[in-house]
Amino acid sequence: MTNMCPTKTPMPEQDPNVRNKNFAEVASGYTVEMALDEAARCLNCKNHPCMSGCPVNVPIPRFIEQVVKGDFEEAYKIITTASSLPAVCGRVCPQEAQCESKCVRGIKGESVGIGRLERFVADYHLQHADENIEKPVSNGHKAAVIGSGPAGLTCAGTLAKKGYAVTVFEAFHTAGGVLMYGIPEFRLPKAIVQKEISTLKKLGVDIKTNMVIGKVLSVDELLDDGFEAVFVGTGAGLPNFMGIEGEGLIGVYSANEFLTRINLMKAYKEEYDTPIIRPKNVAVVGGGNVAMDAARSALRLGAENVYIVYRRSEEEMPARNEEIHHAKEEGVIFKILSNPIKVIGDDEGKVTGLECVEMVLGEPDAGGRRRPAAKEGSNFVLNTDAVIIAIGNSPNPLIRTTTKGIEANAKGCIIVDEETMKTTKEGVYAGGDAVTGAATVIKAMGAGRNAAKSIDEYLSK
Ligand code: FAD
Ligand code: SF4
Ligand code: SF4
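Owing to the predicted nature of the structure, the values given are computational and were not obtained by experimental measurement. (Residues numbered from 1 in each chain as written. Chains lettered and ligands numbered in written order. Predicted model: local features only at pLDDT ≥ 70, side-chain atom pairs only at ≥ 80, totals over all residues. Heavy atoms only, no water.)

What to know about the sheet that holds strand β2 (residues 165-169)
- Strand order in the open sheet formed by 5 strands is β3-β2-β1-β4-β16, and the pairing between neighbours is parallel. Both edges of this open sheet fall to β3 (206-208) and β16 (428-430), since each of them pairs with a single strand only. Looking at each pair of strands side by side, their axes are set apart by 20° on average, direction ignored.
- Of the pairings in the sheet, the one linking β2 to β3 comprises 3 bridges and is parallel in character. Bridge pairing in β3 links F169 to K208.
- Sheet contacts for helix α17 (residues 441-459): β4 (229-232) and β16; angle to β4, the most-contacted strand, approximately 170°. (Pairing = 2+ DSSP bridges. Helix = DSSP H or I, 4+ residues; strand = E, 2+ residues; numbered from the N terminus. Axes fitted to C-alpha atoms, helices over the stretch in contact; angles between N-to-C directions. Contact = heavy atoms within 4.5 Å.)

Spelled out as structure tokens, the structure:
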């Protein structure tokens, strides 16, 4: 029977005053009973509007129907026809702006908790599935994937399932891209990402870490070395800075560096002696998911006052509503309509504060967002011992500057044919943040899947 409750079945969460001192996952996920309860809210709509909001068209009503029947493995099979990383997407997809924004139950109440159900099904599978994965029969072809984020992993997995011998080259010492080095443990446990990677290895994918392509080997060398096609999924890991005075002081981090030191270099574990400042007062500049992750991580490292400094209003913050809500609950202080103008330091070159100016919103710009303008004489100083800059990332230029024939646009994003993901160089494909600029996990995954399809068509000719 349909559950007509207007609100989602709640998902248990750690208390904000407890969780802001630990790195364990914030939400613990649905139990079987909760999942059955939530799945019963789905009306199984014939025209399934929710699917149109999902960038990879997960067959949402079909998988939820199986959850209602209690056949969670069948639900998992249905989801994985479209998404190869459901345990990840169920946790970090901006569902409220995608699938759930189109759900009809959202008209007179809350939408169906599609992300929560996807997470439940994927976690159930990871806990109960048969570990024996059969290696597909070889088709005799060889492909290389550069970068092991969601785009690269999905491309590698899709090709491996078709019998390709796939080698992934990753610059860091650990595979997973932003899923490992960026998104913190309390939002996405690393064990989940590693489980997905171990599945790829069982399919026969060879992952070579500490391999910076463009330095150790070039794309042309890979092509000369017998790789018949190359996929570039190198992401957008080059942090943008503001260009204000004092950005070179000790205690100024890009969010990427701060989060990498915490996640990949394990600063969150007391037994690790990771070089990182453990600030007491910290300002995080920016209003996206990356800024929220950096602010919430700083709290967990022991900071007493953590400020989010954002030059527009809260409605314009690009971070997920859930992340903003969680950050506030945990004690992050929001300084909205505030623009940093100078990082202040002491005689030793260490950060002591951030000078900001208050902003007012003026006329809308070309994109429709109201342009912020400085309020005269409104300068103020936040006393901080660290400043973390989270104002966006750009693609790293290494691959395109070391490979003849790969063209990029003015923002440094690799140019591809949107349907086939072909670059301007024969046999080379690209996708994910390296092509779009900083975007989302599900979009990167969809691009990796599309590229694998095109590579398969190209090599099966
Ligand atoms: P990446 O995940 O960046 O992976 C690229 C990989 O390529 C990296 O491992 C890198 O080391 C490697 N690489 C780069 N250059 C080379 C080279 N020359 N040779 C070899 N390897 C190389 N998205 C969401 O959907 N939801 C969220 O909640 C969310 N939160 C985020 C939080 C943070 C802190 C960050 C930084 C991003 C977040 N995103 C989120 C965005 C999302 O993670 C990215 O859009 C996605 O990871 C892009 O995938 P990708 O595979 O293109 O690149
Ligand atoms: Fe929604 Fe993301 Fe799942 Fe698509 S992949 S159904 S957008 S949670
Ligand atoms: Fe179910 Fe909502 Fe999709 Fe309808 S729109 S099928 S209620 S999830």
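Concerning the site of ligand 1
- Close to ligand 1 lie 35 residues, the nearest being V92, E170, R187, I213 and D433.
- Measuring from an oxygen atom of ligand 1, one finds a backbone N or O atom of D433 at 2.9 Å.
- Taken by itself ligand 1 offers 1000 Å² of open surface, and the protein chains cover 94% of this.
- Of all the elements, helix α13 (residues 289-300) adds the most residues to the shell around ligand 1, at 3 residues.
- Of the residues in the shell around ligand 1, the class split is 20 nonpolar, 11 polar and 4 charged. (Near = heavy atom within 4 Å. Polar contact = N/O pair within 3.5 Å; in protein donor to acceptor, adjacent residues only side chain to side chain. Areas by Shrake-Rupley, 256 points an atom, 1.4 Å probe, with all protein chains shown as cover. Nonpolar A, V, L, I, M, F, W, Y, C, P; charged D, E, K, R; others polar.)

Topic: the nonpolar core
- Among the nonpolar cores identified, the biggest contains 92 residues, and I60, F63, V67 and L117 are the most heavily contacted of them.
- Per element, the largest residue contribution to this core is 9 residues, and it comes from α17.
- With residues up to four places along the chain from it excluded, the contact list for I60 reads C50, M51, C99 and I114.
- One finds A298, L299, A386 and A390 within the second-largest nonpolar core, a separate group that totals 31 residues. (Core = buried A, V, L, I, M, F, W, Y, C linked by side-chain atoms within 4.5 Å. Buried < 20%, exposed > 50% of the residue type's maximum accessible area, 1.4 Å probe, protein only.)

Digging into the pairing of strand β12 (residues 370-374)
- Sheet topology places strand β11 (residues 351-364) next to β12; 4 bridges connect them, and they run antiparallel. Looking across to β12, one finds that L361 is bridged to P372.
- The turn joining β11 and β12, which pair antiparallel and follow one another in sequence, is formed by 5 residues; a positive phi near 90° is taken by G368.

Topic: the site of ligand 3
- The local shell around ligand 3 consists of C42, L43, N44, C45, P49, C50, P61, C103, V104, R105 and I114.
- Among the residues making up the shell around ligand 3, the classes are represented as 9 nonpolar, 1 polar and 1 charged.

Topic: the sheet that holds strand β8 (residues 305-310)
- Pairing in this open sheet of 5 strands is parallel, and the strands run β6-β14-β7-β8-β9 from one edge to the other. Strands at the two margins of the open sheet, each flanked by one partner only, are β6 (252-254) and β9 (333-336). Pairs of neighbouring strands in the sheet enclose a mean axial angle of 20°, with direction left out of account.
- In terms of strand pairing, strand β7 (residues 281-285) meets β8 through 5 bridges, oriented parallel. Note that in β8 the partner of V284 across the bridge is I308.
- Contacts between α13 and the sheet are confined to β7, β8, β9 and β14 (386-389), with β8 contributing the most and set at about 165° to the helix.

Keep in mind that these numbers describe shape and distance, not what the molecule does.
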